[in-house]
Amino acid sequence: MDAVVKSLSDGEASQAESDKPISDRPTRAEAEAAVLTLLRWIGEDPAREGLLDTPKRVVRAYEELFAGYRDNPVEVLDRVFEEVEGYSDIVLVRDISFFSHCEHHMVPIIGKAHIAYFPEGGVVGLSKLARVVDVFARRLQTQEALTAQIADAINDTLRPRGLAIMLEAEHMCMAMRGIQKQGASTITTRFTGVFEEDPALQARFFMLIRE
Ligand SMILES: [Zn+2]
């Protein structure tokens, strides 16, 4: 019973603090010390010359690889709305490469995103779509959640008549560990609006990204 009571009060505490800056964020020194612990745990000698700066480098790399926690996808998309008079057909950006990390093993997910939408009044700069993919990819993810988060962010800001997203990715945690299946790609899709309603539009989307 103690454990239940504790987890409930923990939940309330984190709820109340959700608006504040992350006060319990470890310091850089603590993060570097954690890397040093992992080096020792895998059997390395963190004092050998080649590894002396590794904890610092890993923490700096993490800042870049997980920069998505500091970025707001709504801001990314809000900035560039352009009215495009007369164009209401499909806008498709394909082969947006991304790098993410699985939330189960913190091992890379490497893939491509294809995004199509039918504008309703406005469009967004094409590079902004790639930026949105990056914001969510640079967090710990599952491919399913990544797909849904990208779709929701674009839908909520751009409000297109329809949106189609497909992610195809290789999960290094499958390739390098566990069942060790290399080259297997996982495909996830999300259709909204007219894409969801009309299978012919879904077929057009698949045709366009395979051309
Ligand atoms: Zn994994």
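Our subject in this report is the structure included herewith. The shown structure was predicted, so the numbers you read here are calculated from the model rather than taken from an experiment.

Among the nonpolar cores identified, the biggest contains 33 residues, and Phe98, Ile115, Ile150 and Ile154 are the most heavily contacted of them. Counting residues per element, the ones that place at least two in this core are α4 (73-78), β2 (91-102), β3 (108-118), β4 (122-124), α5 (126-137), α6 (143-158), β6 (162-171) and α7 (172-175). Beyond its immediate chain neighbours, meaning those up to four positions away, Ile115 contacts Val91, Leu92, Val93, Ile96, Leu129, Val133, Ile150, Ile154, Leu163, Ala164, Ile165 and Phe205. Counting residues in hydrophobic clusters, the runner-up holds 10 residues, among them Ile90, Ala116, Phe118 and Ile209.

When the terminal C-alpha atoms of helix α9 (residues 199-210) are compared, their 17 Å separation across 12 residues agrees well with the 16 Å that a helix rising 1.5 Å per residue should span. Within α9, burial applies to Leu201, Phe205 and Ile209. Burial along α9 is one-sided: seen end-on, the buried residues are contained in an arc of 70°. Away from its buried face by more than 90 degrees, α9 exposes Pro199, Ala200, Met207 and Arg210. The elements touched by buried residues of α9 are β2, β3, β6, β7 (186-192) and α8 (193-197). Of the residues that open α9, the one with a side-chain oxygen 2.9 Å from the backbone nitrogen of Ala200 is Asp198.

What follows covers the packing of aromatic side chains. A ring pair, where both rings are aromatic, is described by two values, the distance of the centres and the angle of the planes. For the structure shown, the criterion picks out seven aromatic pairs. Taken together, a centroid distance of 6.1 Å and an interplanar angle of 70° make the contact between Phe195 and Phe205 edge-to-face. Within this pair, whereas Phe195 is found in helix α8, its partner Phe205 is found in helix α9, the two being separated by 10 residues in sequence. Take Phe195 and Phe205: they sit in the same class, and that class is buried. Cluster of aromatic residues (ring-pair linked, three or more members): Phe118, Phe191, Phe195, Phe205 and Phe206.

So, how was this worked out
- Residues numbered from 1 in each chain as written.
- Predicted model: local features only at pLDDT ≥ 70, side-chain atom pairs only at ≥ 80, totals over all residues.
- Heavy atoms only, no water.
- Core = buried A, V, L, I, M, F, W, Y, C linked by side-chain atoms within 4.5 Å.
- Buried < 20%, exposed > 50% of the residue type's maximum accessible area, 1.4 Å probe, protein only.
- Helix = DSSP H or I, 4+ residues; strand = E, 2+ residues; numbered from the N terminus.
- Contact = heavy atoms within 4.5 Å.
- Expected span 1.5 Å × (residues − 1).
- Arc of directions from axis to C-beta.
- Polar contact = N/O pair within 3.5 Å; in protein donor to acceptor, adjacent residues only side chain to side chain.
- Phe/Tyr/Trp six-rings, centres within 6.5 Å; stacked < 30°, edge-to-face > 60°.

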